[in-house]
Amino acid sequence: NGVAPEEAADDRAARHVHVLIIGSGFSGLGLAIRLSQDGRDDYLVLERGSDVGGTWRDNTYPGAACDVPSHLYSYSFALNPNWSRSFSRQPEIQRYIQDVADRYRVRDKHVFDCEMTGARWNDTTKRWEVQTSRGAYTADILVSAVGALCEPALPDIRGINDFQGELFHSARWDHDSDLAGKRVAVIGTGASAIQIVPSIAPRVARLDVYQRTAPWLLPRMDRPYTLPERLAFKHLPGVQRLSRTAIYAARESQVVGLAKFPPAMLALELIARAKLRREVPDKALRAKVTPNFRIGCKRMLISNEYYPALGRANVDLVTDGIREIRAGSIVAADGTEREVDAIVVATGFHVTDSPAYEVVYGREGRSLASVFDESGQQGYKGSAIAGYPNMFFLLGPNVGLGHTSMVYMIESQISYIADAIATVDRLGLSTVEVRKSVQDNYNRDLQRKLVGSVWNTGGCASWYLDKHGNNTTLWPDFTFRFRRMLEKFDPGAYDTTVADGAAA
Ligand code: N01
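Note that the structure is predicted; figures quoted are calculated from it, not measured. (Residues numbered from 1 in each chain as written. Predicted model: local features only at pLDDT ≥ 70, side-chain atom pairs only at ≥ 80, totals over all residues.)

## Let's talk about the packing of helix α1 (residues 26-37) against helix α12 (residues 406-427)
Reasoning step 1: Between α1 and α12, the least distance of the axes is 9 Å, while the angle of their chain directions is 40°. Classified by the angle their axes make, α1 and α12 are oblique. Here the hand of the crossing between α1 and α12 comes out right-handed. Together, F26, S27, G30, L31, R34 and L35 of α1 and V407, I410, E411, I414, I417 and A418 of α12 make up the contact between the two elements.
Reasoning step 2: Grouping the amino acids of the contact of α1 with α12 by side-chain chemistry returns eight nonpolar, two polar and two charged. (Axes fitted to C-alpha atoms, helices over the stretch in contact; angles between N-to-C directions. Helix = DSSP H or I, 4+ residues; strand = E, 2+ residues; numbered from the N terminus. Parallel < 35°, antiparallel > 145°, perpendicular 65-115°, else oblique. Left-handed = near helix turned anticlockwise from the far one by under 90°. Contact = placed C-beta atoms within 7 Å. Nonpolar A, V, L, I, M, F, W, Y, C, P; charged D, E, K, R; others polar.)

## Regarding the environment of Q377
Reasoning step 1: Mapping Q377 onto the fold places it in the loop between α11 (368-375) and β18 (391-393).
Reasoning step 2: Separated by 95 residues in sequence, Q377 and T472 place their C-alpha atoms 5.7 Å apart.
Reasoning step 3: Here Q377 is in contact with T352, F372, P397, D466 and T472, once residues within four sequence places are set aside.

## Observations concerning the site of the ligand
Reasoning step 1: Surveying the vicinity of the ligand reveals 24 residues, the closest of which are P155, G188, G190, T213 and G348.
Reasoning step 2: Top element by residues in the shell around the ligand is helix α4 (residues 191-200). It accounts for three residues.
Reasoning step 3: For the shell around the ligand, the residue count by class is 13 nonpolar, eight polar and three charged. (Near = placed C-beta within 6 Å.)

## Let's talk about the pairing of strand β19 (residues 429-434)
Reasoning step 1: Counting buried positions over the six residues of β19 gives five, a clear majority of the element.
Reasoning step 2: Bridge analysis of β19 against strand β20 (residues 494-498) gives five bridges, and the strand direction is antiparallel. Directly across from V432, in β20, lies its bridge partner T496. (Buried ≥ 20, exposed ≤ 12 C-beta atoms within 10 Å, placed from the backbone. Pairing = 2+ DSSP bridges.)

## Considerations on the confidence of the model for the protein
Reasoning step 1: On average, residues of the protein score 95 in pLDDT, and 97% of them are at 70 or above.
Reasoning step 2: As a predicted assembly, this complex carries a pTM of 0.96 together with an ipTM value of 0.98. (pLDDT = per-residue confidence, 0-100.)

## Overview of α1
Reasoning step 1: With twelve residues, α1 ought to run about 16 Å at 1.5 Å a step, and its terminal C-alpha atoms sit 16 Å apart, in line with that.
Reasoning step 2: Counting buried positions along α1 yields ten of twelve residues, so the element is predominantly enclosed.
Reasoning step 3: Listing the buried residues of α1 in full gives F26, S27, G28, L29, G30, L31, A32, I33, R34 and L35.
Reasoning step 4: Packed against the buried residues of α1 are β1 (15-22), β2 (43-46), α3 (90-103), β6 (135-144) and α12. (Expected span 1.5 Å × (residues − 1).)

Laid out in structure tokens, this is it:
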């Protein structure tokens, strides 16, 4: 499982590889497979965890499941006829990713338990110098595949460090902790929390759910596949492709309402309101969980169990805000103190301020985090950033989606980056760096498309927006347009030098 320790880098000498990929979630693993399929052996994947899977390896909280249909949430080159239900749960997705890594024989191109602690561009050697928890590497090309939802964000609540009970983030679930019979608080009501709450509510003594903003909820059309369906997926590959295409088209149509003409989403809002009336008969509770922004502004959530769980006798929805956390309790803004044994922090991730970029230093010696902090996350086609030569990004700026499968976007980027690497080799380039003017034009265009979108005008604060108020996370158009844009690497957008240093 992974590169043998003696083959990994050690502290005495940096090990050199042509392409170094950081992270082995859906994106890094997918690129590794593509490079292998292209016949390459000159790459390595560094993964801080002990296995592939990324966010699907890390998010093991009770109830963790995908809100994108299974058949779309798979690599196009590795369709899975064995999905057991229409929306897969975390263990099944993680098994799928592990199985793909095995089938495509790329595990031996991985160094596991290897965390990147620094990456610095050396403009003399034209290489990246990468420090890790398992020694040093140099690389001609560095690919960041760390993902946007990898660094848990803890809330800045007074006294949080003084809490004496159990406290953990949703993405770092403590499986040694048995919550049965305990008084538990869940902070947050996003995609993770709405899966956790119904899963733990029946077995805890009391559950306080701290809601800052009420989310929109739509029905979850999840069900196990019937035997005839599973047989058809298995023996008639066309059926699976057809089902995938139908799901893709249905999801893609939402772009019209999200990005182009938000009122087109009102039909979904009506469905969500009807669900609220049906599943929350208590009018006082219903008022508390009725959202105050346009649907789609934040990520739309799907659940059939969340509202009923809030209605349980042992569950309390607290909407007064949190004043402070004490050794054994949480004090709400209205002064009410509720004793708790355990706190689950489901407060999301550092998306627009990822610490992963604090250790990446580009051509001018600046950390990527400081560049992002100053001007917001900006890149070119979500895949390259001016000032960071020979570096490519999977799931870089403005690649995220609020409505359909990220795997589609990832595969579009994989084609682009694989073609970029092939182009670098074919033309004998020693550096390739996107031109700042090209990047600026790209972002001007992108931000223009976001004007009037529900994410910018829907009246909510969300992790889609950075601290400057700009949407630097989402792709604002149809995903097939993204794919078309990334079909071929476009060296004309980049400053390049050939191996002898002359301009290409
Ligand atoms: O995180 P979030 P998440 N005090 O950031 C609240 C993906 N995902 O882990 O809305 C009190 O969405 C915050 O409140 P508010 C998916 O892309 C996918 O749930 O900001 N509360 C919010 O309610 C998703 O979008 C699946 O006012 C605080 C919650 O915490 C992304 O991951 C499943 C607070 C954070 O919600 C992140 O989801 C799970 C504070 N100081 C996740 N700070 C699938 O099914 C924050 N909050 C594929």
